[in-house]
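A closer look at the structure
Read off the chains here:
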Amino acid sequence: MLFLAALAPLAPLAAAGDGDLERALALSSAGELRVALALLEKDTDESLPAHQPGRKLSVSDIDTRLLRVDVLRRLGSVARAEKELSALQAVLDTAPPVAPAQLSQAYRQRALLYYREGEAANAQAAIALALATQAGLSPAQRSQLLNDQALIHQRMGDYRLAIDGFDAAADLVTDNSIRALYLINAARARLEDGRVEDALVTANQADELLDEGASGTVIRARIALASLYRMAVNEFDAVAQYRLAALQQLQRAGQVHGLASRTRSLLDGYSAELYADDRQYEGAIQYAQRALQYAKQVQADSLAYRWEWVLARSYGALGNNPMSLAAYARAVTSLRTMRSNLETLDPDTFTRIIQPLYYEYADALLSQSSTVASAEAQQKLLRDARLALEELKLAEVQDYFDEQCVGDESVVLDQLAGNAAVLYPVMLESRIELLLTSGSGIEQITVPVERSRVVAQIRDFRLNIEVDNGTDEYLQHGQQLYDWLIRPLESEFAARNIETLVIVPDGALRTIPLAALHDGSSYLVERYALATSPGLTLLDPKPFSAQSYNALAGGLSESVQGFAALPSVERELGTLREKLSATVIQNQSFTLSRVKSELASGSYSVVHFATHGKFGSSYDESFLLTYDDKLLLNDLGRTIQTRGAGSDALELLVLSACETAAGDDRAALGLAGVALKAGARSALATLWEVDDKATLEVVSEFYAQLAQAGTSKSQGLRQAQLKLIGDRENKHPSKWAPFLLIGNWL
């Protein structure tokens, strides 16, 4: 359940006499954002040139523009909100003295934009500027800023400062309903800090402040209290009576006459969730259906998917699988529509909403597919499950790069070239579903094993294989993972004469080299050529031509910026100069500006960087080291995408000295998404930094194999890895296993 009391209502604006502005503010407070925006845009001059020094805006115009920024931000139109706010601030900076309340609101909107984008430190700095004007603010305006500052502290995990801030905001404001909102925020922070009893005491204090009024703030506070009580029971083991207390809050709010359809939808939908929590599924269905009717009246996809989700779970619990699957499908469609209307998502949207909904839908489809007798019906269910998983994979990459458009140019591949198959290992709570896609359709194999057990085995495997510690303990973990992931499919591989496996890893599986899974006598790569992908629909499957192509090679053999030297890089780049006639830039020439210039202007189909690289939990923590700076992963993709229309496609991006943190699934997702982000058909990269002599061996043999007509990239990498397996000095998997071919394997 979303926590609706998070942000305080917009403090009263200066121009209270403006009828349209007052109506827009009321609509905004009631959640009718699109109607409010239409009203704010009526008869408003869209242009606001920043180059007109001294241009003066009326008080009403400033208030209108500030409210419009607020509405745009809440609608998810972040780019437009930022543009309008920047233009407004440019005018305010050059205009005669502006009212403190308006200047404060401008800084506040900047802070909230940072907050929405997950940039807590920048949000903190902006809210501090807003508070610097507090001498000219009313108590209500100061309390609003203190509440916002506390929210930022909460986002940063500093619950003590957050609680103090919420309490201070509550002490400062005189309106009981707003004070209740701030106390509910304080209760939420106490709850997240593990202080359950204190949180419930604070929540009850907020309840005592609420009268039976019909104001929007009172309704919001009651909904927020219901959300808090439900969270206390479901996530912090508070006594079940607080579930009843939550329902009572919703019922009291629902007794008000004349509520907007959106509010009615919220009240009925939250009631449906509470009934479902209490396993009263018939009641949950009734409330959810009514909530959906209200949501459809206002075309609220942001609500519709949630109530469809309640229906799906409730029908499933009652054993009505057809109705459950239909509701899941509608929920996914509504969520897809909602996401398409947003430029960016709130930071928690993926983990709290998108991921669990898609996994539940796929789980339901896969459970149903294993019971149907008709082969045709089973294949349809499996295709639907695969489509849901593909949408999830794309959403994961979009969430990592914070871009809704990543992967829009992708294609769906049903007919795989050659003797190749795609393996989806789907890790559900109590089982792994292995989906094998080949030219003859989709095969489903169910392996009963707890997800937690699989993840623990994955972590141990990575820990023991990354460094050669003189033992073969990694084999035990590799064999267990092989038994779960590969052995159940061996007969299928044989029947289809499979030579290449394209694996779409799930969660923690992204952090390990599947090439090193072991059947007791040989590694997986000794039996199959391997490639990995963020998702099947993210590929552009075209064969790699062995004819001559333009190549750019760059890297660092010297120690710079505190990173160790890579002595073999000089030989690695020399090999590329010789074998590929590559343009080579290294050491002092391998500067950030030179790299960007070459990527943007050069018509290269192969780009090879032999330099330190790190993939972090977000794209702005992921970089490649240049001589004088760091090339961020986001800049790498943006630079390559600026190449001229006549440039050849980037066939292959090689990063030969990168690493991801063990156990960091999101960092590994960045590694898997690098080819997509860079606009490359394929990428070759490493899960951890490899001995540079072993790297030289792998890279040299890889390019030698590609020079042979008819050799695919996956086959070329396999032959390079087999060469090291046969070398006594380099046979340990730490030397050859971390090399991953990402994307197009042909």
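In this report, we go over the structure that sits alongside the text. For every chain, the first residue of its written sequence is number 1, and the numbers climb from 1 along that sequence. Given that the model is predicted, a residue must reach a pLDDT of at least 70 before its local features are reported, and side-chain atom pairs must reach 80 or more before they are shown or counted; all residues, however, enter totals for whole chains, interfaces and linings. Neither water nor hydrogens contribute to the side-chain values; these are computed over all heavy atoms in the structure.

1. A closer look at the overall build of the chain
Secondary structure elements follow DSSP: runs of H or I no shorter than four residues count as helices, runs of E no shorter than two count as strands, and numbering proceeds from the N terminus. Across its full length, the chain carries 29 helices and 15 strands. Note on method: radius of gyration uses C-alpha positions; expected globular size equals 2.2 Å times residues raised to 0.38. Radius of gyration (C-alpha) of the chain: 29 Å, near the 27 Å computed for a compact globule of 746 residues. C-alpha atoms of the chain, sized along the principal axes, occupy 80 × 65 × 45 Å. Buried residues in the chain amount to 58% of all 746 residues. In the chain, the proportion of contacts linking residues at least 24 apart, taken out of those at least 6 apart, comes to 71%. Relative accessibility thresholds used throughout: buried, under 20% of the residue-type maximum; exposed, over 50%; partly exposed, between the two (1.4 Å probe, protein chains only). Contacts were defined at the residue level, with two residues in contact if any of their heavy atoms lie within 4.5 Å.

2. So, the pairing of strand β8 (residues 606-610)
Buried residues dominate β8, accounting for five of its five residues. Taking every second residue as pointing to the same face, both faces of β8 are buried, with Val-606, His-608 and Ala-610 on one and Val-607 and Phe-609 on the other. Of the strand pairs in this sheet, strand β6 (residues 551-555) and β8 are connected by five bridges, and their pairing is parallel. By the bridge assignment, Ala-551 is partnered in β8 with Val-606. In short, DSSP must find at least two bridges between two strands for them to pair.

3. Section: a negative patch on the surface
Patches were defined on residues exceeding 30% relative accessible area and lacking a salt bridge, with like-charge contacts within 9 Å and nonpolar side-chain contacts (Val, Leu, Ile, Met, Phe, Trp, Tyr) within 5 Å. Only the protein chains shown count as cover for residues, and all accessible areas are computed by the Shrake-Rupley method using a 1.4 Å probe. Basic side-chain nitrogens of Lys or Arg form a salt bridge, by our definition, when they fall within 4 Å of a carboxyl oxygen of Asp or Glu. Note on charges: Lys and Arg go in the positive column, Asp and Glu in the negative column, and His and the chain ends are not counted at all. Charge placement uses NZ in Lys and CZ in Arg. For Asp and Glu, CG and CD serve respectively. A cluster of acidic residues, Glu-119, Asp-402, Asp-620 and Glu-621, forms a negative patch on the protein surface. Tracing the backbone through its elements, the reader meets Asp-402 in the loop between α18 (375-401) and β1 (420-427).

4. Considerations on the pairing of β6
On a regular strand, one side chain projects to one face of the sheet and the next to the other, so that they alternate. In terms of burial, β6 is a largely internal element, five of the five residues being buried. With burial as the criterion, each face of β6 is covered, one bearing Ala-551, Ala-553 and Gly-555 and the other bearing Leu-552 and Gly-554. Of the strand pairs in this sheet, β6 and strand β7 (residues 583-586) are connected by four bridges, and their pairing is parallel. Looking at β7, one finds that Ala-553 is bridged to Val-584.

5. Brief notes about the environment of Gly-663
One can find Gly-663 in the loop between β13 (658-660) and α25 (665-672). On a C-alpha basis, the gap between Gly-663 and Arg-462 in space is 8.1 Å, while along the polypeptide they are 201 residues apart. The contacts of Gly-663, once residues within four sequence positions are left out, are Arg-459 and Thr-511.

6. Comments concerning the pattern of salt bridges
In total, this model carries 42 salt bridges according to the counting rule given. Where Arg-68 meets Glu-84, a salt bridge forms, and the shortest distance between an N and an O atom there is 2.9 Å. Of this pair, Arg-68 sits in helix α3 (residues 59-75) while Glu-84 sits in helix α4 (residues 78-94), and the two are 16 residues apart along the sequence. Between Glu-490 and Arg-527 there is a salt bridge, and its shortest N-O distance comes to 3.1 Å.

7. As for helix α23 (residues 592-601)
Listing the buried residues of α23 in full gives Leu-592, Val-595, Glu-598 and Leu-599. Down the axis of α23, the buried set is contained in an arc of 135 degrees. They therefore lie on one face. Away from the buried face of α23 by more than 90 degrees, exposed residues Ser-593 and Ser-601 are located. Along its buried surface, α23 packs onto β6, β7, β8, β11 (630-632) and α24 (633-641). Taking the helix axis as origin, the arc is that swept by the directions to the C-beta atoms.

8. Considering empty space enclosed by the protein
Points on a 1 Å grid, built from protein atoms alone, make a cavity when a 1.4 Å probe fits but cannot get out and make a pocket when they are open with protein on both sides within 12 Å along at least 5 of 7 lines; residues with an atom within 4 Å of a point are the lining residues. Grid points are joined across faces, edges and corners, and a volume is the space filled by probe spheres set on the points. A full pass over the atoms with the stated rule returns six cavities of 30 Å³ or more. Roughly 230 Å³ of volume is contained in the largest cavity. In terms of lining residues, the largest cavity is bounded by 23 residues, among which Leu-514, Ala-531, Thr-532, Leu-740 and Leu-741 are the most central. Of all elements in the fold, only β5 (529-532), α25, α28 (713-725) and β15 (739-743) reach the threshold of two or more residues within the lining of the largest cavity. Think of it as three bins: nonpolar holds Ala, Val, Leu, Ile, Met, Phe, Trp, Tyr, Cys and Pro, charged holds Asp, Glu, Lys and Arg, and polar takes everything else, Gly as well. Classifying every residue of the lining of the largest cavity gives 18 nonpolar, three polar and two charged.

9. Focus: the sheet that holds strand β9 (residues 613-615)
Ordered in space as β11-β10-β9-β13, the four strands form an open sheet in which the pairing is mixed. The strands lining the two open edges of the sheet, one partner per strand, are β11 and β13. Across this sheet, the average inter-strand angle for adjacent strands is 20 degrees, counted without regard to direction. Sheet topology note: the strand β10 (residues 623-625)/β11 ladder contains three bridges and is antiparallel. Along β11, the bridge assignment pairs Phe-623 with Leu-632. In the packing of α25 onto the sheet, contacts are made with β9 and β13, and the angle to β13 comes to roughly 145 degrees. Axis definition: a line fitted to C-alpha atoms, over the contacting stretch in the case of helices. Angles run 0 to 180 degrees between N-to-C directions.

10. Description of the nonpolar core
The tendency in soluble globular proteins is for nonpolar side chains to be buried as a group. We define the nonpolar core as a collection of buried residues of types Ala, Val, Leu, Ile, Met, Phe, Trp, Tyr and Cys that are connected through side-chain atoms lying within 4.5 Å of one another. By size, the foremost hydrophobic cluster in this structure holds 210 residues, and its most contacted members are Leu-485, Leu-501, Phe-609 and Tyr-703. Contacts of Phe-609, omitting those with residues within four sequence positions, involve Leu-552, Gly-554, Phe-590, Val-595, Leu-599, Leu-624, Leu-636, Val-654, Leu-655 and Ser-656. Among the nonpolar cores identified, the runner-up in size contains 22 residues, and Leu-39, Val-69, Leu-88 and Leu-92 belong to it.

11. Let's talk about helix α17 (residues 349-369)
In this analysis, the expected span of each helix is defined as 1.5 Å times one less than the number of residues it contains. Taking 1.5 Å per residue as the helical rise, α17 with its 21 residues ought to reach 30 Å, and the 29 Å between its terminal C-alpha atoms agrees with that figure. Along its length, α17 reaches its greatest deviation from straightness, about 25 degrees, at Gln-355, and the proline Pro-356 lies no more than four positions downstream. Across the chain, bend at a residue is computed as the angle between axes fitted to the seven residues ending at that point and the seven starting from it.

12. Some points on the packing of aromatic side chains
Within 6.5 Å between ring centres, the rings of Phe, Tyr and Trp (the latter by its six-membered ring) count as paired, and their orientation is classed by plane angle as stacked under 30 degrees, edge-to-face over 60, tilted in between. All chains considered together, the criterion is met by nine aromatic pairs. Taking 5.5 Å as the distance between ring centres and 65 degrees as the angle between the ring planes, the aromatic pair formed by Phe-590 and Phe-609 counts as edge-to-face. Remark: Phe-609 occurs in strand β8 and Phe-590 occurs in the loop between β7 and α23; sequence separation between them is 19 residues. Across the pair, Phe-609 and Phe-590 agree in class, each one buried. Charges are assigned to positions over rings by a cutoff of 6 Å between ring centre and Lys NZ or Arg CZ, combined with an angular limit of 35 degrees from the ring normal. Lying across the ring of Tyr-115, Arg-155 places its NZ or CZ 4.0 Å from the centre.

13. Comments concerning the side chain of Arg-306
Relative to the elements of secondary structure, Arg-306 occurs in helix α15 (residues 301-317). What makes Arg-306 buried here is its relative accessible area of 7%. Pairs of N or O atoms are called polar contacts if they sit within 3.5 Å, as long as, within protein, a hydrogen donor faces a hydrogen acceptor (for residues adjacent in sequence, only side-chain-to-side-chain pairs). There is a polar contact of 3.3 Å between the side chain of Arg-306 and the side chain of Glu-273.

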